[in-house]
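Structural features, examined
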Amino acid sequence: MKTPKIVILGAGYGGLITSRQLEKSLRDGEAEVTLINKHDYHYISTQLHKTGAGTASDDKIALHIPNLLKTNKIHFKKGTVQNVDFGKKKVYLDSGDKIEYDYLLISLGFDVATFDIPGVEENAFKIKSFQSTKAIYNHILRQFAAYKIDSDPSRLTFAVAGAGFTGIEMVGELIEALPNLCRAYDIPFSKTRIITIEACPTILPGFDQEAIDFTTTYFKKNNVELMTSTKIRKCSPTSIDLDNGEVLPSKTLIWAAGVRGNFLLEKLNLPISRGRIPVDEFLRVKGVENVFCIGDAALCMKDEKNALPPTAQVALQQAVLCGPNMIASLRGEPLKPFMYHHKGTVASIGNKVAVGKVFGLKISGSFAALMKQVIEARYLLMLGGPSLIIKQLLKIKKPYTDVSTVSNQK
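Presented here is an overview of the structure given in this document. (Residues numbered from 1 in each chain as written. Predicted model: local features only at pLDDT ≥ 70, side-chain atom pairs only at ≥ 80, totals over all residues. Heavy atoms only, no water.)

1. Structural notes on the sheet that holds strand β16 (residues 239-242)
Counted only if it meets this: In this analysis, strands are considered paired if DSSP registers two or more bridges between them. Numbering of helices and strands runs from the N terminus, with a helix taken as a DSSP run of H or I at least four residues long and a strand as a DSSP run of E at least two residues long. Axis lines are fitted to C-alpha atoms, over the contacting stretch for helices. Their N-to-C directions set the angle, which ranges from 0 to 180 degrees.
The strand order β15-β16-β17 describes an open sheet built from 3 strands, whose pairing is antiparallel. One side of each edge strand has no neighbouring strand; the edge strands of this open sheet are β15 (232-235) and β17 (247-249). For this sheet the average axis-to-axis angle between neighbouring strands, irrespective of direction, equals 20°. Direction of pairing for β16 relative to β17: antiparallel, over a ladder of 3 bridges. Residue pairing in the sheet places D241 in a bridge with V247 of β17.

And the structure:
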């Protein structure tokens, strides 16, 4: 009898935790599992803002995927997915390889939504992946180095578009990073500007007023300029045009204003709604045999009108169920419906403070920052157990401590 083939597309939160579930529950020889990802590393996407500001070392954010797979039940293959033939049950990679499957999981990550604003796609720096946020950090270093030559104030004007969860966390890291960079380059901190641009009337839309007030006060204390009820009309490599008529000279626009489903989804012969793939209560793609979808790629409904947000928390809870449901499917056993349980949200503002709500309790300040670390540690525990937590805690070097080799390139 032919051994069933399970293929997982994407090694983000959903793909990796599903892989771990399959490792734990599959019997020896019960299925061949292949995990496909475009890179051989998994990055902790909820900490990408730290990579962008250089407040954490690369090896704290990016983890080698083969080292995370604990048994020989999962085969990792590095490759970029080009297309899927659901009739022939084959995945096509850019290398020309064709991977057959009996059961498929689509767990591809997000893409950035730029809302067709002129210049954003070409000129803004996106918090999208490990590589994209490394580009932010390297660009910031180049601006500091070039400022020493031409004293152009727009080089040290750092604008963040979007004051939601991701934007606030990015600003918090800049608050922590810029004083260190100023010392490293011998530039007065007073020469730097951090500007938050948000289209809504307030920062942190969707958060409670206490969190908004705490964050606003903290930002003002750290000289962050808040521009709410303000939209970006267009941007260039050297300026940002706002809808109030102001033109902001800046060579750094960090885009944190929205996400959408992966562009690859549009190439697949699947129904797409709101940029994502609709799934049923068992996390299966509707109308397609033996295909599951979770995470940012999945449109999973919370009720008749509202979809669950594309967050790490949703992806992790889906993954914990998806693995057992895939196994139940190949064994011919009943599947279990997915029930999401919101456990709270915490947004970090640098290392020392945060805001949020956990199990209905509003928290802010240093206690909230501690809870954020607990949340991150819980994910590491799911991924690699206590040994991975200890390993990650021992990685304390920060990139901005060594800026001597940075190019002066503009």
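2. Overview of the state of the cysteines
Rules: Two cysteine sulfur atoms make up a disulfide if the distance between them is within 2.5 Å.
Summed over all chains, the structure comprises 0 disulfides. For the unlinked cysteine C322, the closest cysteine sulfur is that of C293, found at 8.9 Å.

3. Considerations on the side chain of K372
Using the following cut-off: Polar contacts, as used here, are pairs of N or O atoms within 3.5 Å; protein pairs need one atom able to donate a hydrogen and one able to accept it. Residues neighboring in sequence count only if both atoms are side-chain atoms. Here, two residues are considered to be in contact whenever any of their heavy atoms come within 4.5 Å of each other.
Along the polypeptide, K372 turns up in helix α10 (residues 366-393). Within the structure, K372 has its side chain in polar contact with the side chain of E169 (distance 3.1 Å). Excluding its chain neighbours within four sequence positions, the residues that come into contact with K372 are F165, E169, V346 and S348.

4. Looking at the packing of helix α1 (residues 13-25) against α10
For clarity, the cut-off: Orientation is classified from the angle alone, with under 35 degrees giving roughly parallel, over 145 giving roughly antiparallel, 65 to 115 giving roughly perpendicular, and any other angle giving oblique.
In contact at an axis separation of 9 Å, α1 and α10 are set at 45° when each is read in the N-to-C sense. One finds that α1 runs oblique with respect to α10. Between α1, through Y13, L16, I17 and R20, and α10, the contact on the second element is made entirely by Y379, M382 and L383.

5. Describing the pairing of strand β25 (residues 361-365)
The side chains of a regular strand alternate, first on one face of the sheet and then on the other. With 5 bridges joining them, strand β24 (residues 353-358) and β25 adopt antiparallel strand pairing. Across the sheet, residue V358 finds its bridge partner in β25, namely L361. Connecting β24 to the antiparallel partner β25 that follows it, the hairpin turn spans 2 residues, and F359 within it adopts a positive phi of roughly 50°.

6. Concerning α1
Quick note on the threshold: Expected span of a helix: the number of residues minus one, times 1.5 Å. We call a residue buried when its accessible area falls under 20% of the maximum for its residue type, exposed when it is over 50%, and partly exposed in between, using a 1.4 Å probe and counting protein chains only.
Here α1 contains 13 residues, and its C-alpha end-to-end distance of 18 Å stays within 8% of the 18 Å for a straight helix at 1.5 Å per residue. Counted residue by residue, α1 has 11 buried out of 13 residues, so it is predominantly covered. Residues of α1 that are buried include every one of Y13, G14, G15, L16, I17, T18, S19, R20, Q21, L22 and E23, and no others.

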